[in-house]
Structure formats: structure tokens, C-alpha cells
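Now for the letters of each chain:
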Amino acid sequence: QVQLVESGGGLVQAGGSLRLSCAASGGTFSSYAMGWFRQAPGKEREFVAAITWNGGNTYYADSVKGRFTISRDNIKNTVYLQMNSLKPEDTAVYYCAVDKESAYLKVVRASSSLYDYWGQGTQVTVSS
């Protein structure tokens, strides 16, 4: 069983930045691919970014490409999402998740149904 705890959300003005963190415990964090997803009120949960077990490959949704950066620290068992140039449409609850089946692979996956463990989420609100 893997436990994930997100932090770093908050209220920020458009154009500002936030850095989300997701601390993992249990399991073998350093072997797992990790993803960030978000869900806005009344909308489906959507993919934001993902990273391979060793950080060698990353993948982003088109809506955040060039503004967000996913990274990880396998010593600290933590994955990060640096969010710059934030827009009001980025407002959502952000979740991190574990993809165990992509352990030690060079690929990442964007479908939320393929992820096994989820954090409780952290709210990001961007004001205009």
C-alpha cells in the first residue's frame, strides 16, 4: 500500500507560480512512474503531467506544456509540480498518483484509470 500526501496548493493571482509536492510512503517509490492530475468543479479529472521512475522521461498535457514542470526526488520520496504563468483555468484540485505497472519503464501513461494510488488532493485557485 502506498500513501500519498499533496501539499503546496493555495490562492495565487494570474501569472503567479506555485510548487506542489507529493510525499509518498510505503511501497517502492523509486520504481514507480508518477502522475499529476486535476479536477475542476463540474468537470472530469484530467491528466496534467507524468514522470518515469528515474525522471528520464516526462509528458505533459498540451494545456500546461511550457508552463508546468514535473520532477522527482527519489531520496526524499517526493514528486513535484512547478506551476508558472498560472491562469484562472488552472483552478482545480490537484492530485498525485502512482502508476505501479510502469515501474522501471521508459514510458508514462495519461489515463487516470491506469493509476493505482491517489493522494487526497490540494486546492489550487488562480484569481484573475
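Residues numbered from 1 in each chain as written. Predicted model: local features only at pLDDT ≥ 70, side-chain atom pairs only at ≥ 80, totals over all residues. Heavy atoms only, no water.

J.: Mind showing me how you'd approach the overall build of the protein here?
T.: Along its length, the protein carries 0 helices and 11 strands. Counting from the amino terminus, the protein carries its helices and strands in the arrangement β-β-β-β-β-β-β-β-β-β-β. Taking 2.2 N^0.38 as the reference for a compact globule, 128 residues should give roughly 14 Å; the C-alpha atoms of the protein span a radius of gyration of 13 Å, in line with that estimate. In terms of overall dimensions, the protein has a C-alpha envelope of 40 × 30 × 25 Å along the principal axes. Looking at the protein as a whole, 44% of its 128 residues are labelled buried. Taking as baseline every contact in the protein between residues at least 6 positions apart, the subset at least 24 positions apart corresponds to 59%. (Helix = DSSP H or I, 4+ residues; strand = E, 2+ residues; numbered from the N terminus. Rg over C-alpha atoms; globule rule 2.2 N^0.38 Å. Buried < 20%, exposed > 50% of the residue type's maximum accessible area, 1.4 Å probe, protein only. Contact = heavy atoms within 4.5 Å.)

J.: I tried to follow unusual backbone geometry on my own but got confused; where do I start?
T.: With the exception of glycine, the majority of residues adopt a negative phi angle, and the majority of peptide bonds are in the trans configuration. Despite not being glycine, Ser-85 has its phi angle at roughly 50 degrees, a positive value. Residue position: Ser-85 is located in the loop between β8 (78-83) and β9 (92-99). In the Ramachandran plot, Tyr-104 falls in the positive-phi region, its phi being about 65 degrees despite a non-glycine side chain. Considering the arrangement of structural elements, one finds Tyr-104 in the loop between β9 and β10 (117-118).

J.: Sorry, what's going on with the nonpolar core here?
T.: Burial of nonpolar side chains together is a common tendency in soluble globular proteins. The biggest cluster of nonpolar side chains holds 38 residues, and the ones touching the most others in it are Leu-4, Met-34, Trp-36, Val-79, Leu-81, Met-83 and Tyr-94. Where this core is concerned, the elements lending two or more residues are β3 (18-25), β4 (33-39), β5 (46-51), β7 (68-73), β8, β9 and β11 (122-127). (Core = buried A, V, L, I, M, F, W, Y, C linked by side-chain atoms within 4.5 Å.)

J.: What is the right way to read the pairing of β5 from this model?
T.: Along any regular strand, the residues point their side chains to alternate faces of the sheet. Burial of β5 is extensive: 5 of the 6 residues sit out of reach of the surface. Relative to β5, β4 runs antiparallel, the two being bridged by 5 bridges. Bridging from a neighbouring strand, Arg-38 pairs with Glu-46 of β5. Linking β4 to β5, which pair antiparallel, is a turn of 6 residues; within it Gly-42 sits at a positive phi near 75 degrees. Bridge count for β5 against strand β6 (residues 58-60) is 3 bridges, and the pairing is antiparallel. Considered in β6, the bridge of Ala-50 is made with Tyr-59. Here β5 hands over to β6 after 6 residues, with Gly-55 in that stretch at a positive phi of 80 degrees. (Pairing = 2+ DSSP bridges.)

J.: Hey, could you run me through the state of the cysteines in this one?
T.: Disulfides are covalent bonds that link the sulfur atoms of two cysteine residues. Under the defined criterion, the tally for this structure stands at 1 disulfide. The disulfide partner of Cys-22 is Cys-96, and the gap between their sulfur atoms is 1.9 Å. Taking the sign of the S-S torsion, 55 degrees for the link of Cys-22 and Cys-96, the bridge is right-handed. Of the two residues, Cys-22 is situated in strand β3 and Cys-96 in strand β9; the sequence distance between them amounts to 74 residues. (Disulfide = S-S within 2.5 Å.)

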